[in-house]
Amino acid sequence: MSVGCHQSPYCGGGRGWLSPRCRTSGGYQEYDTGGGGASLTDDVLAAIFTRLPNAADVVRCAATCRRWASVVAKEADALSRALPPLPGLALGLFNQDRQDTAGAATTNTRKRKRRSTGLECSAPPCFVPTASGARLLGFNLPSTTALRSGLQAGGQHGHGVLDLSHSRPIASRNGRLVLELQSEGHVDRSLRLCVCNPMMGDVAVLPTLLGNDRPKIYACTLLTGADLDLDRPRHTSSDFFRVLIIYNRDRFTAFRSYSSDTCSWSMETKKTSGPKLTNWDEWVRECSVTSTRLKVKSAADINLRWFCENSGILLFTLGRGSSNPGTFAMSLATKEVEKLHDSVDCSSWRNFVGYEMDGVTYLKSIACH
């Protein structure tokens, strides 16, 4: 039976990647009171900003003075709902290069080896920044400590100590990242997921799926408040999210979802039509990318890994067949290509998910410049 969950599903907020920048720049709670429309109250300014035609005009207002930037940051949740879709900012990607012994089969994962009963030791997820992400966050090189610093994982989050040593990224959307939390010696007895926002330091650990409720191999996706249909009432909080997993039982394909507004998993639902999914490798998609800067022997050497739809950034890797192997980000708008990481092994990276800031965090980050 589902129980309503009317408060924020997250614990430990306010200590993410964005927090040190705000403290360094003085924060968006401290601002000059003179000039810049000081005769107008913050509520009046916020009401005016919500009536601007697009996010670009809000950004220009935020750049006017510290007070206006503070109002934009403080009212970012309401502004993001009132304005047309805000641009996301592709900050980078998370990956974890290890041999999986159990868990999710994502759209970015190549054929896996057969599952065994043990878990091989591995490092925490590695964050690889884009150039814009490096400028904003200060991570100039790939980092296995970036996620921990964003989530303050050594502390308490209402669920005990959050151990990221063996966690792996399985989905990402609108600033949220889904991790499968595992511990050394994990042997498929439970499935424990968490949804987090490294920019804000928010963490929500989902109820553990145990025994028969635990799927063996699954695919996962994430929806947020920004994904709600336009004909449905807008959710009252940007904290809302829904996690969906799909998996095979012995005789059928099933799925279930977790919703932050009920703080519980739904009942398992059976796929009612069509055949059972029999080949998870069909979820893997490859795409040809052409560029005068990239020299490859065959289009098969190019592996599409992730698409940041808000930013229009395509993440892909070039393997050993290229004279310039590595991980790249290409803007579909400008066709400019940026190299993120230089390694011949990038194409074999597993648990690869792109990460872009959501609209609310984008507006809050303005006050930290």
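Keep in mind the model is a prediction, meaning the values are calculated, not measured. (Residues numbered from 1 in each chain as written. Predicted model: local features only at pLDDT ≥ 70, side-chain atom pairs only at ≥ 80, totals over all residues. Heavy atoms only, no water.)

Chemist: So what exactly am I meant to see when it comes to the sheet that holds strand β4 (residues 168–173) here?
Modeler: What links the strands of a sheet is backbone hydrogen bonding, and the strands pair in either a parallel or an antiparallel sense. Strand order in the open sheet formed by 4 strands is β4-β5-β7-β8, and the pairing between neighbours is antiparallel. The open sheet is flanked by β4 and β8 (202–205), the only strands paired with a single partner. Across the sheet, the mean angle from the axis of one strand to that of its neighbour is 20°, orientation sign disregarded. Where strand β5 (residues 176–180) and strand β7 (residues 193–197) come together, 4 bridges link them in antiparallel fashion. (Pairing = 2+ DSSP bridges. Helix = DSSP H or I, 4+ residues; strand = E, 2+ residues; numbered from the N terminus. Axes fitted to C-alpha atoms, helices over the stretch in contact; angles between N-to-C directions.)

Chemist: Help me understand the environment of proline 198 in this model?
Modeler: Inspection of the secondary structure assignment puts proline 198 in the loop between β7 and β8. The exposure class of proline 198 is buried, given its relative accessible area of 0%. Here the alpha-carbon distance between proline 198 and glycine 150, two residues 48 residues apart in the chain, equals 4.6 Å. Residues within four places of proline 198 in sequence aside, it is in contact with Gly16, Trp17, Phe94, Leu147, Gly150, Leu151, Gly175 and Tyr355. (Buried < 20%, exposed > 50% of the residue type's maximum accessible area, 1.4 Å probe, protein only. Contact = heavy atoms within 4.5 Å.)

Chemist: Help me understand helix α2 (residues 42–50), please; the structure alone is not making it clear to me.
Modeler: Along α2, the residues that are buried comprise Asp42, Leu45, Ala46 and Phe49. Seen along its axis, α2 keeps its buried residues to an arc of 100°; they face one direction. Buried residues along α2 sit against α3 (55–62), α4 (66–74) and α5 (76–82). (Arc of directions from axis to C-beta.)

Chemist: Would you explain the sheet that holds strand β1 (residues 89–95) in this entry?
Modeler: A sheet is described by the order of its strands in space; here 3 strands give the open sequence β3-β1-β19, paired in antiparallel fashion. The open sheet has two edge strands, β3 (126–129) and β19 (353–357), and neither has a second partner. If you compare each strand with its neighbour and ignore which way they point, the axes differ by 30° on average.

Chemist: Could you clarify how one ought to interpret unusual backbone geometry in this entry?
Modeler: As a rule of thumb, non-glycine residues mostly have phi less than zero, and peptide bonds are mostly trans rather than cis. Unlike most non-glycine residues, cysteine 263 shows phi in positive territory, near 55°. Positionally, cysteine 263 belongs in the loop between β12 (253–259) and β13 (264–265). In this structure, asparagine 351 is a non-glycine residue whose phi angle is positive, near 55°. Position of asparagine 351 relative to the elements: it lies in the loop between β18 (337–341) and β19. Look at asparagine 351 and you get buried, because its relative accessible area is 1%.

Chemist: How should I be thinking about the packing of aromatic side chains in this particular structure?
Modeler: Given two aromatic rings, their pairing is described by the distance between the two centres and the angle made by the two planes. Under the defined criterion, the tally for this structure stands at 12 aromatic pairs. Aromatic side chains tryptophan 17 and phenylalanine 127 sit 4.9 Å apart centroid to centroid with 50° between the ring planes, which places their arrangement in the tilted category. Separated by 110 residues along the polypeptide, tryptophan 17 in the segment before α1 (18–24) and phenylalanine 127 in strand β3 bring together distant segments of the chain. As far as the burial class goes, tryptophan 17 and phenylalanine 127 line up, both buried. The interplanar angle of 70° and the centroid separation of 5.5 Å between the aromatic rings of tryptophan 17 and phenylalanine 139 together place this pair among those described as edge-to-face. Of this pair, tryptophan 17 sits in the segment before α1 while phenylalanine 139 sits in the loop between α6 (131–137) and α7 (146–151); the two residues are 122 residues apart in sequence, bridging distant segments of the chain. Grouping residues by exposure puts tryptophan 17 and phenylalanine 139 together as buried. A network of ring pairs unites the aromatic residues Trp17, Phe94, Phe127, Phe139 and Tyr355 as a single cluster. (Phe/Tyr/Trp six-rings, centres within 6.5 Å; stacked < 30°, edge-to-face > 60°.)

Chemist: What is the right way to read the pattern of salt bridges from this model?
Modeler: Side-chain pairing between opposite charges can occur once the charged atoms of the two side chains come close. Here the structure, examined in full by the defined rule, presents 10 salt bridges. Here arginine 214 and glutamate 180 are joined by a salt bridge, their closest N and O atoms 3.8 Å apart. One end of the pair, arginine 214, is in the loop between β9 (209–210) and β10 (217–224); the other, glutamate 180, is in strand β5, and 34 residues separate them in sequence. In this structure, arginine 214 and glutamate 180 share a single accessibility class: buried. Among the charged side chains, a network of salt bridges with common partners joins Asp42, Arg67 and Lys74. (Salt bridge = Lys/Arg side-chain N within 4 Å of Asp/Glu carboxyl O.)

Chemist: So what exactly am I meant to see when it comes to the nonpolar core here?
Modeler: In a soluble, globular protein the nonpolar side chains are often hidden away together inside. Judged by nonpolar contacts, the single largest core of 38 residues is most densely connected at Trp17, Met199 and Leu315. Residue contributions to this core peak at 4 residues, all from β1. Core analysis: the next-biggest nonpolar cluster, separate from the first, contains 19 residues, Val178, Leu191, Leu193 and Tyr247 among them. (Core = buried A, V, L, I, M, F, W, Y, C linked by side-chain atoms within 4.5 Å.)

Chemist: How should I be thinking about the packing of α2 against α4 in this particular structure?
Modeler: Think of two packed helices as two axes; the pair is described by the angle between the axes and how far apart they sit. α4 packs onto α2 with a crossing angle of 70° between their chain directions and a minimal axis gap of 10 Å. Taken together, the axes of α2 and α4 lie roughly perpendicular to each other. Every residue of α4 that contacts α2 at Asp42, Leu45, Ala46 and Phe49 is listed here: Arg67, Trp68, Val71, Val72 and Lys74. Among the residues making up the contact of α2 with α4, the classes are represented as 6 nonpolar, no polar and 3 charged. (Parallel < 35°, antiparallel > 145°, perpendicular 65-115°, else oblique. Nonpolar A, V, L, I, M, F, W, Y, C, P; charged D, E, K, R; others polar.)

Chemist: When you look at the side chain of serine 172 in this model, what are you seeing that I'm missing?
Modeler: Along the chain, serine 172 turns up in strand β4. Given a relative accessible area of 12%, serine 172 falls into the buried group. A distance of 2.9 Å separates a polar atom in the side chain of serine 172 from the backbone oxygen of glycine 354. Residues contacting serine 172, with those up to four places away along its chain left out, are Leu177, Trp306, Val353, Gly354 and Tyr355. (Polar contact = N/O pair within 3.5 Å; in protein donor to acceptor, adjacent residues only side chain to side chain.)

Chemist: Honestly, α3 in this entry has me stumped. Any pointers?
Modeler: In an α-helix, one full turn covers 3.6 residues, which means residues spaced three or four apart are oriented alike. Every buried residue of α3 is accounted for by Ala55, Val58, Cys61 and Ala62. Each buried residue of α3 sits inside an arc of 115° when the element is viewed along its axis, so together they form one side. Packing partners of the buried residues in α3 comprise α2, α4, α5 and α8 (359–366). Looking at where α3 begins, the residue whose side-chain oxygen comes 3.0 Å from the main-chain nitrogen of aspartate 57 is asparagine 54.

From the geometry alone we can't say anything about function, so treat these as descriptive.
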